[in-house]
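Residue-level structural notes
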Amino acid sequence: RAAGPPLAIEQLAFDNTNMGRQLAVAVDAPRDVTLRDVVSAGVSLLDRRQHGGRVFLENVCCGRIAIAGPDPVVARQLDTEGGGVRIDNRGSPFYVLGLKTERINTVLDNRNGGRAEIFGGLLYMVHPTSDASIPAFRNADSWLVASFAEEVLRPGARYRVYVADGAHTIDADLFPERGLGRIVPDLRDTPHIQADQ
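To start, this report covers the structure provided alongside it. (Residues numbered from 1 in each chain as written. Predicted model: local features only at pLDDT ≥ 70, side-chain atom pairs only at ≥ 80, totals over all residues. Heavy atoms only, no water.)

**Observations regarding unusual backbone geometry**
- Residue C62 follows C61 across a cis peptide bond; omega there is 20 degrees.
- Its location among the elements puts C62 in strand β5 (residues 55–62).
- One non-glycine residue with positive phi stands out, namely D37, at about 55 degrees.
- Mapped onto the fold, D37 is located in strand β3 (residues 33–41).
- Given the relative accessible area of 31%, D37 is considered partly exposed.
- Backbone geometry at D141 places phi at a positive 55 degrees, although glycine is not the residue there.
- Overall, the relative accessible area of 45% leaves D141 in the partly exposed class. (Helix = DSSP H or I, 4+ residues; strand = E, 2+ residues; numbered from the N terminus. Buried < 20%, exposed > 50% of the residue type's maximum accessible area, 1.4 Å probe, protein only.)

And the structure:
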């Protein structure tokens, strides 16, 4: 966990498709890490642990992300595809400019005082689902602000719940339709943390 100089990983593909659970990058030391033009297929992209330093993501795809600790994770042009929870935030500041998802998933599970801001996104389930309980976002004891559009090309292939937060939900039908999908210009779920913190 010794601090180190900034590290940049660029123009690299981590591909372990169908080879079991793998991790591309773990950050456990207080150093800045940048991932730029990186693709992860069949692997988790990032595990930034409690003592890890700041992480900057630019034009990355596709694996799962887990973050913890007080330092921020900042992303621009983040594409995460697959099922399950795509981004697992346990208490970190997390900022995204441009997010894209594919498949039936929970985009972000934001907990333990996490602060997530997502500006500009496209959520795309691709296939219909009969499970109405899958939320786009889980947000518990945390702060979430997001703006995005939901793309829907098949009936039934859309979220019914945008945010699940323990005792309450924010339902998708509160937002204007765009074809079969919806436009979400300002989604806010800040029930437990004041915005000025």
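Structure's up, so let's keep going.
**Digging into the side chain of T80**
- Residue placement: T80 occurs in strand β7 (residues 73–81).
- A polar contact of 3.0 Å, which involves the side chain of T80, links it to the side chain of R86.
- In this view, T80 contacts C62, G63, R86, L99, K100, T101 and E102; residues no more than four positions away in its chain are not counted. (Polar contact = N/O pair within 3.5 Å; in protein donor to acceptor, adjacent residues only side chain to side chain. Contact = heavy atoms within 4.5 Å.)

**Structural notes on the sheet that holds strand β11 (residues 115–124)**
- If you trace the nine strands from one edge of the open sheet to the other, you get β1-β3-β5-β7-β9-β11-β13-β17-β16, paired in mixed fashion. Since the sheet does not close on itself, it has two edges, and those belong to β1 (7–15) and β16 (177–178), each with one partner.
- Sheet topology places β11 next to strand β13 (residues 143–151); eight bridges connect them, and they run parallel. Bridging from a neighbouring strand, R115 pairs with W143 of β13. (Pairing = 2+ DSSP bridges.)

**Quick word on the pattern of salt bridges**
- This model, assessed by the stated rule, comprises 18 salt bridges.
- In this structure, the salt-bridge partner of R54 is D32, at a minimum N-O distance of 2.4 Å. Of the two residues, R54 is situated in the loop between β4 (44–48) and β5 and D32 in the loop between β2 (23–27) and β3; the sequence distance between them amounts to 22 residues.
- Look at R54 and you get partly exposed, because its relative accessible area is 36%. (Salt bridge = Lys/Arg side-chain N within 4 Å of Asp/Glu carboxyl O.)

**Observations concerning the environment of Y159**
- By secondary structure assignment, the location of Y159 is in the loop between β13 and β14 (161–165).
- Expressed as a C-alpha distance, the spacing of Y159 and A136, which sit 23 residues apart in the sequence, is 6.6 Å.
- If we skip the residues at most four places from it in the chain, Y159 touches R103, N105, V107, L123, M125, I134, P135, A136, E150 and A172.
- For Y159, the side chain forms a polar contact with the main-chain oxygen of N105, separated by 2.6 Å.

**Points about the environment of A2**
- Along the chain, A2 turns up in the segment before β1.
- A relative accessible area of 64% places A2 in the exposed class.
- Residues A2 and R21, 19 residues apart in the sequence, show an inter-C-alpha distance of 27 Å.
- Apart from residues lying up to four places away in sequence, A2 is in contact with A29 and P30.

**Examining the packing of aromatic side chains**
- Applying the stated rule across the entire model yields three aromatic pairs.
- Centroid distance F148 to Y162: 5.2 Å. Interplanar angle 90 degrees. Geometry classified as edge-to-face. You can see F148 sitting in strand β13 and its partner Y162 sitting in strand β14, a full 14 residues away along the chain.
- Judged by relative accessible area, which is 5%, F148 ranks as buried.
- Taken together, the aromatic side chains of F137, F148, Y162 and F175 make up a single cluster linked through ring pairs.
- Geometry around W143 places R115 over its ring, the cationic atom sitting 3.7 Å from the centre. (Phe/Tyr/Trp six-rings, centres within 6.5 Å; stacked < 30°, edge-to-face > 60°. Lys NZ or Arg CZ within 6 Å of the ring centre and 35° of its normal.)

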